[in-house]
Amino acid sequence: MLSSPDLSFSRTLPIVVFNQLGELLEQMAQTVGSAVLILTEAALVRICIPVEWQRQRFTLVVSEQFSVLLVGTFEQGSRETEGQGIYSEINAQLTFNLEAIASFVYELRDLFECDSYTHQNLERYQQIIRPNDATLQSQFTLLLLEYLLTQPNQEIIASPSPVGPAVYICQPVEDALKKQISQERLLNQVTTQIRKSLDLPVIMATAITQVREFLELDRLVIYKFEGSQVNSKQYQSDTIPLNETALTTGMELSVCKPAEIYFSIHENQGEHSPSVSVNNQTLLEDYQRYGGYIVYEARARDAITSVLNYTEKNCFVRTSQCWEKYQQGFTLAVDDVEKTYALEECLLNFLRECQVRAKFAAPIMFEDKLWGLLIAHQCDEPHQWNDSEKTLLVAIAEQLAIAIHQAELMQTLTQEKQNLEQRVIERTMALRDALLAAEAASRIRSEFLATISHELLTPLTYVIGMSSTLLRWPLGELSQRQRGYLQTIHDSGEHLLEMINDILDLSQIEAGKTALNISEFSLVKVAENALKSLRKKAASEQINLILDLQIDPRRDRFIGDAERVEQILWNLLTNAIKFTPESGSVTLRLWVEDDTAIFQVEDTGIGIPEEQLPLLFEKFQQLDTPYRRRYEGTGLGLALTKQLVQLHRGRIEVESTVSIGSIFTVWIPTQARVVN
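Residues numbered from 1 in each chain as written. Predicted model: local features only at pLDDT ≥ 70, side-chain atom pairs only at ≥ 80, totals over all residues. Heavy atoms only, no water.

Glancing now at the overall build of the chain. Within the chain one finds 18 helices and 21 strands. Looking at the chain as a whole, 43% of its 676 residues are labelled buried. Sequence-distant contacts, at least 24 apart, represent 73% of the contacts inside the chain between residues at least 6 apart. Working note: accessible area of the chain is about 36800 Å², and carbon and sulfur atoms make up 51% of it. (Helix = DSSP H or I, 4+ residues; strand = E, 2+ residues; numbered from the N terminus. Buried < 20%, exposed > 50% of the residue type's maximum accessible area, 1.4 Å probe, protein only. Contact = heavy atoms within 4.5 Å. Areas by Shrake-Rupley, 256 points an atom, 1.4 Å probe, with all protein chains shown as cover.)

This part takes up the nonpolar core. The biggest cluster of nonpolar side chains holds 44 residues, and the ones touching the most others in it are Leu523, Leu572, Leu573, Val586, Phe599 and Phe664. Broken down by secondary-structure element, the contributors of at least two residues to this core are helix 14 (480-510), helix 15 (523-532), helix 17 (562-578), strand 18 (585-593), strand 19 (596-603), helix 18 (637-647), strand 20 (651-657) and strand 21 (661-669). It is helix 17 that contributes the most residues to this core, 8 residues altogether. Not counting residues within four places of it along the chain, the set of residues in contact with Phe664 comprises Leu572, Asn575, Phe599, Gln600, Val601, Ile608, Leu616, Phe617, Leu638, Ile652, Glu653 and Val654. Formed by 36 residues, the second largest nonpolar core is a distinct cluster that contains Tyr293, Ala376, Ala397 and Ala403. (Core = buried A, V, L, I, M, F, W, Y, C linked by side-chain atoms within 4.5 Å.)

Counted at 1.5 Å a residue, the expected span for helix 17 with its 17 residues is 24 Å, and the 24 Å between its end C-alpha atoms agrees. The buried fraction of helix 17 amounts to 13 of the 17 residues, a majority that puts the element mostly inside the structure. You can read the cap of helix 17 off the contacts: a side-chain oxygen lies 3.2 Å from the backbone nitrogen of Glu563, and it is on Asp561. (Expected span 1.5 Å × (residues − 1). Polar contact = N/O pair within 3.5 Å; in protein donor to acceptor, adjacent residues only side chain to side chain.)

All chains considered together, the criterion is met by 16 salt bridges. Where Glu338 meets Arg352, a salt bridge forms, and the shortest distance between an N and an O atom there is 2.7 Å. With a gap of 14 residues between them, Glu338 in helix 11 (residues 337-340) and Arg352 in helix 12 (residues 345-353) connect regions that are remote in the sequence. The exposure class of Arg352 is partly exposed, given its relative accessible area of 44%. For Arg557, the salt bridge goes to Glu520, with nearest N and O atoms at 3.8 Å. (Salt bridge = Lys/Arg side-chain N within 4 Å of Asp/Glu carboxyl O.)

Right, let's talk about the packing of helix 15 against helix 17 for a bit. Orientation of helix 15 relative to helix 17, taken along the N-to-C sense of each, is 45°, at an axis distance of 9 Å. By the angle between their axes, helix 15 is oblique relative to helix 17. By crossing handedness, the relation of helix 15 to helix 17 is classed as right-handed. Of the residues in helix 17, those in contact with Val526, Ala527, Asn529, Ala530 and Leu531 of helix 15 are Ala562, Val565, Glu566, Leu569, Trp570 and Leu573. (Axes fitted to C-alpha atoms, helices over the stretch in contact; angles between N-to-C directions. Parallel < 35°, antiparallel > 145°, perpendicular 65-115°, else oblique. Left-handed = near helix turned anticlockwise from the far one by under 90°.)

Moving on, we come to the confidence of the model for the chain. In this model, the chain carries an average pLDDT of 76, and 76% of its residues clear a pLDDT of 70 or more. Within the chain, the element-level pLDDT minimum falls on strand 8 (residues 260-266), averaging 25, and the maximum on strand 19, averaging 95. Ignoring residues within four places in sequence, the model shows residues 79-87, a span with pLDDT below 50, making 8 contacts including any to other chains. Confidence over residues 312-320 falls short of pLDDT 50; this stretch has 45 contacts with residues more than four positions distant or in other chains. (pLDDT = per-residue confidence, 0-100.)

For the rest of this paragraph, the subject is the packing of helix 3 (residues 98-109) against helix 4 (residues 117-126). Put simply, helix 3 and helix 4 touch, their axes get as near as 9 Å, and they point 165° apart. By the criterion of interaxial angle, the relationship of helix 3 to helix 4 is roughly antiparallel. Viewed along their axes, helix 3 and helix 4 form a crossing whose handedness is left-handed. Between helix 3 and helix 4, the contacting residues are Ala102, Val105, Tyr106, Leu108 and Arg109 on the first element and His119, Leu122, Glu123 and Gln126 on the second. Taken together, the residues of the contact of helix 3 with helix 4 break down into 5 nonpolar, 2 polar and 2 charged. (Nonpolar A, V, L, I, M, F, W, Y, C, P; charged D, E, K, R; others polar.)

Below you can see the structure in the form of C-alpha cells.
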C-alpha cells in the first residue's frame, strides 16, 4: 500500500474511494484516545478561503501517538455530480510524513484569525506531532487491508431494460421538477404577501413558518443586528440578544482575555441591558457595533430548545472581519457542527446545549446594508444542504429584506410626519404666545400713552392759554425779550399739544375705541378748510399751496367722517410743507371715481429713497434725510394717517423720487350711514 520511503503515496482515485478512506481514518482515530484531533474540509466553510483550498478535500488526524493526512485535489473543471451516482476523480495523497503533516497544519492555521481558538489550537497540535507508534501504525495497516479485502469487485451496472417502465427512469427528474414548482409557489406566496401588506411582524412570522414547514427544518430564526434601524420592540417582546455567533451567524470568534462579557434581559421592561465586567473597552465597542439578537423563531416541536429564551454567558465576542463577510453576501452552510467546530470546544459545547447540529445562514441585505440573517437549524442529525435549499433560503432572505426596507421607509415617514406635526404644534404655540405677548405689550403701551397724554393735556392747556393771554397784553407792559420768550413757550406748547393729540388718536384707534362720526359733507369744503388752516404756515416757509379740484360739483356730497378726512389731509399737507424747500409747491388734488373719493398730495420736496419707503408708515420712524434735524418730530403723523385711512376701509400709497418730490394718494370709499 505504501509506495515510497517517506511513508506516502499519490494517485488518482474515484471520489467514493477517497471518501471511504477518510471514514477509515476517522475510525482509526477513535482507537487512539481522546487527545486526538480530527479535521476535515468542513472546518473551512465558515471562513473565506483562497481558490486553491476550495478545490481540496482532506482528512487530518493529529496526536502524539498517531498522525496521518489524506489530501485530495479536484482537477480543474472537475466536480462531483450530486445525487446521480456519477463521481469525479480526485488526485489523492496519503502521507505519514511528519514534516508534510506539520507543514499542512501550519498552512491550515494561517487561514484563521490569529486570536481565534482554531488558530491557537492548530498551533498547539502542530507542536505535539511525533513519529507514529509502531503498534498503531501496524493496526492501521491491518485495518486498511481488511477494508480492501472486504470490498466487492466494482462492476458496471447495466442500463435498465428498455421494456421496463419509463416512469422509474424519469422519477428523479419528475420529483425535482415538482419540488422546484413547490418552491416557486412558496416564494410567490411570500412575495405577494410582502406586496399586499406593510405589517412586518405578520410577514416575518408567516414567512419563516411556511419555509420551515416546506424544508422540514427543525428550527428557523431571523437574527437582527443591533445597529439596524427598525425598532426591535415591534417584534416579539421576549427577544434576547445573543453574543454567541455560532448559534446565529457562525462567524469566527475571538478569545476574551481576561474579559467576561454577557448580556442579560430586564424581564419587566422587555429591554436588553448590558451587564459587563471587561478590562478591554474595545470588546464592548465591538459588541455594540456588531451585536444583535433573534427577533423571530419557528420550531418543528416544543422539545427543541428555544433560542429566544436563552441568554449567552460565554466569553465570545464577534470580530468585524466576519461581520463584513456577510456584508459582502457570504452564506454559511455547516453540514455538521461537530466537524466544522472541532477545535472550538467552548463553542461546540454551546451548540450542543442549544441543539444545533447543522445550520445555514443567509444575509438579509438592502442597499448594501446588512440588516440581519435568516438562519436554518437541524438539531439532531447532520444535514447536507443541497442547492435547492440554499437557493430558496437566499431568495426568502432577499424578500424579507424588501419587506424590512418597506417597513423602515414607512417608519421613517411616520416619524417624520410626527416630528413635523410636533414642530407645527410647537411653532403654533410659540406664535400664539408671542402674539398674545405682543398684543398685551401693545395694549399696555397704548393705555400708558393714553393715560400719560391725558394727564399732560390739563397743564399743557394752562401753559398755552396763559402764554396766549400774556402775548395779547399791551406792548408797554412786556419787553421785546419777554414777548419772545412767551412766543417760544406758546409755540412749543402748541407743538406738544399736537403731538399729544396724535398719540391719543393712535392709541385709541389701536385699542379699538375709535368710532367714525358718519355724516354727509362737502368734499370741496373739507379740502379748502385743510389748505386754509395751513396757508399761514406755508407762507412763512415760502411754499406755494395749490388746490386742484377735478370733481364734478354734482358729486361733491360725500358720506363719511368729515373731521377725520380733514385730519388726514392736514397731516399729509403738513408733512409735504415740512420737507419742501423754499420756493417749492404743494398741490392738493381731489376727484371722485365711482363711490370713492381720491385725494392726492404732491410736493416738490426732497423725496424719499426707495429702500426707506417700507418704513414710511411705521410708528416712531423718522427717515434719515438732510432735513431731519431741522424738522424734528415723533414720526407719528403718517402712521396715524394710515390708521385713519384704514379706519375708513381705504388705502394709501406713495410714489417718490429723491430730489424731485413725492405723491401721496388716498382712496376713501363712501361710508354706510348708521341707522339709529
